[in-house]
Amino acid sequence: MLSDSFWRIIRIVLVGLALAAAGAGLMLGDTWLWVAVDWSPPAYAEFYTRAGFDTPTTVALLVAALVKAALLWLILRAPAPGPLDRRAKALRRLLYLAVAYTLVLWYTIELLPDGVNAAFQLALWTAIDVLFLLVIRWRSRMLRAAAGAMFAVELAGMANELLDELDLPDLGSGDIVELGLMLSGLAATIITVVGQRRDGRWSRGTQAAGWLSVGVYALVIPLYLLIGRISSGNPAMTVMLDAVGLVSAVWIAATARELPTEEHLADPPPARRRVIRVAVAAVTVLPIIALIHPEQTAHLTYTSWSMGCYDRPSFGDLKPEERDAAFLCRARSREGGVPPMFPDSLSDQAVLAYGRALCRTEDRDEQKAILTQAGSARPAWRVDPWDLVYVCPETVGATHPELLRSTTETEAANAAYIAEKNAKCRDPWPRTKGVAQATAKYFLFVDGDPGYLVHDPEDEATDEAAEQAMDKVFDDNTQIGVAGSAVLIGHVEDVSDLCLTVKAFRTAPPPRTAGWEQVNEVPIVSRSGRLTVPEMGGGEVGAGAPMPNLAIAGKGRYRLRVYVRVADAGEEHLVVVFPGASRKRLKLKS
């Protein structure tokens with residue numbers, strides 16, 4: 001076993017390096033300061049350092065560096081000498097492995113494939129919990145049984161995380177499940193500390209570290225519920241929680257260190273006990289005090305960097321108490337690289353007040369005046385009613401009732417709209433049935449789409465062929481671009497949608513050009529045995545109904561005949577596909 005002097009040298013060197021790294025980071029910039037204090041790679045700092053650290057965050061980092069250095073000094077204390085049986089030796093090694101994971105191994109393991117980290121944690125703590133039950137002298141069967149139950153629930157939570165990582169059926173991710181699993185971890189720590197007290201081998205200092213870790217755990221749970229999923233944007237709280245989180249590593253290391261002692265160690269002197277009490281109170285109270293700001297300080301539920309603000313929830317899916325938060329998300333969002341509607345210097349209350357004022361405006365000039373007064377980075381931009389609906393639904397809903405719908409209502413309305421449009425399209429050859437056929441409205445972007453594709457979606461070169469077809473459609477007066485397994489068919493009028501009928505035949509049908517303005521025939525190839533037209537599939541572009549496979553003869557070459565006409569009801573296309581080896585382009589009617 002290494003001597004105490006050797007351990008002291010290791011402690012001095014490592015703690016000195018940690019403090020020196022924090023000092024160097026302060027000189028080198030925000031990224032390296034974060035790396036020195038958080039003990040993580042530079043890539044992990046990018047999210048927090050992109051806007052630079054303010055003074056409170058820098059101070060929090062420097063304080064956290066001192067706290068972590070002090071806790072590291074306690075973690076690196078030499079193991080107590082004395083004999084150990086086989087189970088105690090295994091437990092000591094596993095506990096030191098858990099400490100090493102907390103300090104350094106976590107990053108290496110996270111580089112491995114998904115699920116490895118969760119599997120490692122589950123295996124490690126399963127072994128530790130089993131050995132806790134066997135090594136600790138609980139002195140009560142009921143207490144040992146309670147510990148086993150708590151350990152089982154804790155391990156079930158870890159197993160649930162592993163199932164989630166592997167995309168297997170799990171217990172779910174609702175608030176009740178998450179809270180229950182977090183509380184099980186808290187209960188497992190409490191009952192272990194109680195077991196240590198009844199055992200008698202562990203000193204009051206180790207037990208105090210255990211209770212401190214319980215206090216940190218109990219503090220993290222409400223903070224997680226309050227700000228864990230509503231990121232505060234300011235990393236000061238993250239830094240503080242990361243620093244005090246090492247208290248658990250101190251307790252685990254102390255538990256491993258004092259395993260050989262057979263008698264209750266001497267109580268610490270009164271002065272040290274007072275320090276421990278002050279530390280417990282500080283860990284419990286100071287972070288809560290840090291959350292309390294002066295009334296004039298801007299309260300920011302969301303900032304421009306908040307992770308939870310990238311989705312735009314439907315108004316109808318939100319409870320009344322959730323709508324203000326949704327507007328704050330949109331008002332401070334930098335989605336798409338655009339500046340936020342309101343700066344982070346404004347409090348939530350001020351942003352909501354300006355939002356309701358925008359609801360009462362009647363023209364762009366009034367909106368511009370309000371945004372300028374608020375210090376917006378985009379005062380000349382139009383305010384989207386999709387954003388304002390969260391704070392004034394009665395005003396926006398009067399002109400945009402569709403914005404008040406829930407996701408289910410929106411999907412139903414879209415489905416009804418598409419069905420109505422499809423019903424207006426008729427089969428132009430009702431008496432000529434194809435082996436496969438369909439009629440539907442094909443929706444295009446207004447002034448944005450040159451046309452629609454008939455292609456082999458499973459061809460490896462389908463994307464390249466589609467690009468080539470799009471380039472060629474502008475070079476041909478028939479507005480049909482041909483490129484191997486993709487044909488892009490353009491539209492005649494400046495329309496956003498058209499009626500499309502597709503039919504597949506085993507042999508070439510008669511031309512039947514009467515009543516059509518354009519009829520052209522081009523080659524196309526299917527390399528996978530499929531030819532079809534893209535469907536909407538939840539988007540805004542594509543066919544409004546399922547499209548069949550037009551390559552009815554499997555892999556090979558086909559002919560594609562395109563009929564086009566414009567009537568009072570709009571533009572109408574008929575696409576006929578049949579096997580054919582010819583590579584010629586034919587103009588049957590122009």
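Residues numbered from 1 in each chain as written. Predicted model: local features only at pLDDT ≥ 70, side-chain atom pairs only at ≥ 80, totals over all residues. Heavy atoms only, no water.

Chemist: Describe a negative patch on the surface, naming the residues involved and giving the relevant values.
Modeler: Together, Asp114, Glu161, Asp164, Glu165 and Asp167 make up a region of like negative charge exposed at the surface. Checked against the element boundaries, glutamate 161 lands in helix H7 (residues 141-165). (Patch = residues over 30% accessible without salt bridge, like charges linked within 9 Å, V, L, I, M, F, W, Y side chains within 5 Å. Areas by Shrake-Rupley, 256 points an atom, 1.4 Å probe, with all protein chains shown as cover. Salt bridge = Lys/Arg side-chain N within 4 Å of Asp/Glu carboxyl O. Lys, Arg positive; Asp, Glu negative; His and termini not counted. Charge placed at Lys NZ, Arg CZ, Asp CG, Glu CD. Helix = DSSP H or I, 4+ residues; strand = E, 2+ residues; numbered from the N terminus.)

Chemist: Now, about the pairing of strand S6 (residues 518-526): what can you tell me, with residues and values included?
Modeler: With 8 of 9 residues buried, S6 lies mostly within the body of the structure. Here 9 bridges tie S6 to strand S8 (residues 556-567), and the two strands are oriented antiparallel to one another. Bridge pairing in S8 places valine 519 opposite tyrosine 563. (Buried < 20%, exposed > 50% of the residue type's maximum accessible area, 1.4 Å probe, protein only. Pairing = 2+ DSSP bridges.)

Chemist: With reference to specific residues and values, describe the sheet that holds strand S5 (residues 497-504).
Modeler: Sheet architecture is open: 7 strands sit in the order S7-S1-S5-S9-S8-S6-S10, paired in mixed fashion. The sheet is open, and its two edges are formed by strand S7 (542-543) and strand S10 (586-589), each paired on a single side.

Chemist: An account of the pattern of salt bridges is needed here, citing residue identities and associated values.
Modeler: Applying the stated criterion to the full structure yields 12 salt bridges. The closest approach of N and O atoms between aspartate 199 and arginine 201, which form a salt bridge, is 2.9 Å. By relative accessible area, arginine 201 is classed as buried at 5%. Arginine 356 is paired through a salt bridge with aspartate 324; the nearest N and O atoms lie 3.2 Å apart. With arginine 356 in helix H14 (residues 348-359) and aspartate 324 in helix H13 (residues 323-331), this pair connects stretches of sequence that are 32 residues apart. Here aspartate 324 falls in the partly exposed class, since its relative accessible area comes to 28%. Taken together, the salt bridges that share partners define one network made up of Arg137, Asp199 and Arg201.

Chemist: Go over the pairing of strand S4 (residues 486-490) with me, naming the residues and quoting the values.
Modeler: For S4, the tally of buried residues reaches 5 of 5 residues, placing the bulk of the element in the interior. Alternating positions in S4 separate into two faces, Ala486, Leu488 and Gly490 on one and Val487 and Ile489 on the other, with burial throughout. Here strand S3 (residues 480-483) runs beside S4; their pairing, made up of 4 bridges, is antiparallel. Bridge pairing links valine 482 to valine 487 in S4. In this antiparallel pair of consecutive strands, S3 and S4, the connection spans 2 residues, and glycine 484 shows a positive phi of 65°.

Chemist: Go over a nonpolar patch on the surface with me, naming the residues and quoting the values.
Modeler: A grouping of Leu26, Met27, Leu28, Trp32 and Leu62 is seen on the molecular surface, where their side chains present a nonpolar patch of about 560 Å² in accessible area. Here the nonpolar patch gets 3 residues from one element, more than from any other, and that element is helix H1 (residues 4-28). Topologically, tryptophan 32 is positioned in helix H2 (residues 30-38).

Chemist: Residues and numbers for the side chain of threonine 206, please.
Modeler: Checked against the element boundaries, threonine 206 lands in helix H9 (residues 204-228). With a relative accessible area of 2%, threonine 206 lands in the buried category. Within the structure, threonine 206 has its side chain in polar contact with the side chain of glutamate 258 (distance 2.9 Å). What threonine 206 contacts, discounting residues up to four positions off in sequence, is Gln196, Trp251, Ala254, Thr255 and Glu258. (Polar contact = N/O pair within 3.5 Å; in protein donor to acceptor, adjacent residues only side chain to side chain. Contact = heavy atoms within 4.5 Å.)

Chemist: Report on the nonpolar core, specifying residues and quantitative values.
Modeler: Counting residues in hydrophobic clusters, the biggest one holds 47 residues, and the most contacted among them are Ile75, Leu91, Leu95, Trp125, Ile128, Phe132 and Ile252. Of all the elements in the fold, those that place two or more residues in this core are helix H4 (55-75), helix H5 (86-110), helix H6 (116-135), H7, helix H8 (175-199), H9 and helix H11 (246-257). Aside from chain neighbours lying at most four places away, what touches isoleucine 75 is Val99, Leu103, Leu246, Ala249, Val250 and Ala253. Ala440, Val454, Val533 and Met547 belong to the second-largest nonpolar core, a separate cluster that totals 30 residues. (Core = buried A, V, L, I, M, F, W, Y, C linked by side-chain atoms within 4.5 Å.)

Chemist: Explain unusual backbone geometry residue by residue, including any values.
Modeler: You will see that glutamine 479, though not glycine, has its phi angle at about 60°, which is positive. The residue arginine 512 is not glycine, and still its phi comes out positive at about 45°. In this structure, arginine 512 sits in the loop between S5 and S6.

Chemist: Outline helix H10 (residues 236-244), listing residues and values.
Modeler: Buried residues of H10: Ala236, Met237, Val239, Ala243 and Val244, and no others. Projected down its long axis, H10 carries its buried residues within an arc of 160°, all on one side. (Arc of directions from axis to C-beta.)

Chemist: Explain the packing of H5 against H6 residue by residue, including any values.
Modeler: Axis separation between H5 and H6 bottoms out at 10 Å; the angle between their running directions is 160°. It follows that H5 is roughly antiparallel to H6 by the angle criterion. Here the hand of the crossing between H5 and H6 comes out left-handed. The segment H5 lies against H6, with Arg87, Ala88, Ala90, Leu91, Leu94, Leu95, Leu97, Ala98, Tyr101, Ile109 and Glu110 engaging Val116, Asn117, Phe120, Gln121, Leu124, Trp125, Ala127, Ile128, Leu131, Phe132, Leu134 and Val135. Residues that form the contact of H5 with H6 fall into these classes: 19 nonpolar, 2 polar and 2 charged. (Axes fitted to C-alpha atoms, helices over the stretch in contact; angles between N-to-C directions. Parallel < 35°, antiparallel > 145°, perpendicular 65-115°, else oblique. Left-handed = near helix turned anticlockwise from the far one by under 90°. Nonpolar A, V, L, I, M, F, W, Y, C, P; charged D, E, K, R; others polar.)

Chemist: Could you give an account of the packing of aromatic side chains, with specific residues and numbers?
Modeler: Within this structure, the stated rule accounts for 8 aromatic pairs. Taken together, a centroid distance of 5.4 Å and an interplanar angle of 55° make the contact between tryptophan 516 and tyrosine 563 tilted. Of this pair, tryptophan 516 sits in the loop between S5 and S6 while tyrosine 563 sits in strand S8, placing them 47 residues apart in sequence. Across the pair, exposure class does not vary: tryptophan 516 and tyrosine 563 are buried alike. Here the aromatic cluster, defined as three or more aromatic residues joined through ring pairs, consists of Trp429, Trp516 and Tyr563. Stacked on the ring of tryptophan 429, the Lys or Arg arginine 512 has its end atom at 4.5 Å from the ring centre. Over the face of the ring belonging to tryptophan 516 we find arginine 565, whose NZ or CZ atom lies 3.9 Å from the ring centre. (Phe/Tyr/Trp six-rings, centres within 6.5 Å; stacked < 30°, edge-to-face > 60°. Lys NZ or Arg CZ within 6 Å of the ring centre and 35° of its normal.)

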